Amino acid sequence: MDTNIQKYMAFVKTVEYGSFTKAAEVLNYSQSGISRMINDLEKEWGVSILERGRAGVRLTSDGLKLLPFAQNVCNEYQKLQVQVDELNGLKSGLIRIGTFSSVATHWLPNIIKEFQKDYPNIDYELLLGDYTEIESWISEGRVDCGFLRLPTHPEFETIFLEQDKLLVVLPEDHPMADCEYFPVKALCDYPFMLLEKGAKAEISEIFEKCNIEPKVRFTTWDDYAIMSMVESGLGISILPELILQRIPYRIVIKELDIPAYRKIGLAMRDKKSASLAVKRFLDYLQCRNNSKKENV
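Because the structure is a prediction, the values reported are computed rather than measured.

Thresholds applied
- Residues numbered from 1 in each chain as written.
- Predicted model: local features only at pLDDT ≥ 70, side-chain atom pairs only at ≥ 80, totals over all residues.
- Heavy atoms only, no water.
- Phe/Tyr/Trp six-rings, centres within 6.5 Å; stacked < 30°, edge-to-face > 60°.
- Helix = DSSP H or I, 4+ residues; strand = E, 2+ residues; numbered from the N terminus.
- Buried < 20%, exposed > 50% of the residue type's maximum accessible area, 1.4 Å probe, protein only.
- Lys NZ or Arg CZ within 6 Å of the ring centre and 35° of its normal.
- Contact = heavy atoms within 4.5 Å.
- Polar contact = N/O pair within 3.5 Å; in protein donor to acceptor, adjacent residues only side chain to side chain.

## Points about the packing of aromatic side chains
Then step 1. In this structure the tally under the stated criterion is 11 aromatic pairs.
Then step 2. Centroid distance Tyr8 to Trp45: 5.9 Å. Interplanar angle 25°. Geometry classified as stacked. Placement of Tyr8 in helix H1 (residues 3-17) and of Trp45 in helix H3 (residues 31-45) is noted, with a sequence separation of 37 residues between them.
Then step 3. The exposure class of Trp45 is partly exposed, given its relative accessible area of 30%.
Then step 4. Aromatic ring contacts, followed pair by pair, group Phe115, Tyr119, Tyr124, Phe281 and Tyr284 into a single cluster.
Then step 5. Residue placement shows Arg288 over the ring face of Trp107; its charged tip is 5.1 Å from the ring centre.

What follows is the structure, encoded as structure tokens:
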């Protein structure tokens, strides 16, 4: 990569993350390397572009004026790389994917395994987060595409993949472990472990829709922490069916008497401007459940 492009990327990412350290992690450089590139830019341009402080870094007035031009250079460079990748027939490339834990655990290994058979030299960067974080990463261009609950932001291009059932999980010795369907109203009768982070997710929407207020004792975005606590008898919960595959916990899984689901899809800012690697990757989404590749 051209040295100047590296410096511009260091500038753009440092501003984006507000930190030399975070920019260094993203760009695979040392913190001192990022700082040195910023200093080089300031010497070359004859202006100060960043103010350093205990709270991080922020743009100077000159830096604010120059940032859009540096961003344009980086964006054009990425477009150039897309064309180079296409000319090289996917001999190399990088796919950056935003995902949540159940997809990362049960879908992506199958998709990537099949994709690698045809394109062995493609690299991957996976960012694990909640729905809100993944939406932000897509908007900011931090990832090329992301798995999300649908619907998402209307400006995204999306591909619907699957309807994932939401199921009740109980300790093995729970009084209702033998029921055929778990009554929604009974969710209020026992301590509840809520799978949620940040903005309200699908489980809280079930509560609102059914006009109930369970006794939430614990909230986390860690599916496995929820299952471990349920196994220990600390309460009950609702989890997506996708994460309840091949689980190592002694828990009982029940359907609700009022079926509930989440819709999972893949989202991106613009399919047309996506790299060739990403476009090819979309063709392998049907391999998520160990099935043969089909048209999406």
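## Describing the environment of Ala104
Then step 1. Checked against the element boundaries, Ala104 lands in helix H5 (residues 101-106).
Then step 2. Here Ala104 falls in the partly exposed class, since its relative accessible area comes to 24%.
Then step 3. C-alpha separation for the pair Ala104 and Phe147, spaced 43 residues apart in sequence, amounts to 9.3 Å.
Then step 4. Ignoring sequence-local partners within four residues, the contact set of Ala104 consists of Thr99, Pro109 and Leu128.

## Examining the side chain of Glu42
Then step 1. Mapping Glu42 onto the fold places it in helix H3.
Then step 2. There is a polar contact of 2.9 Å between the side chain of Glu42 and the backbone nitrogen of Ile49.

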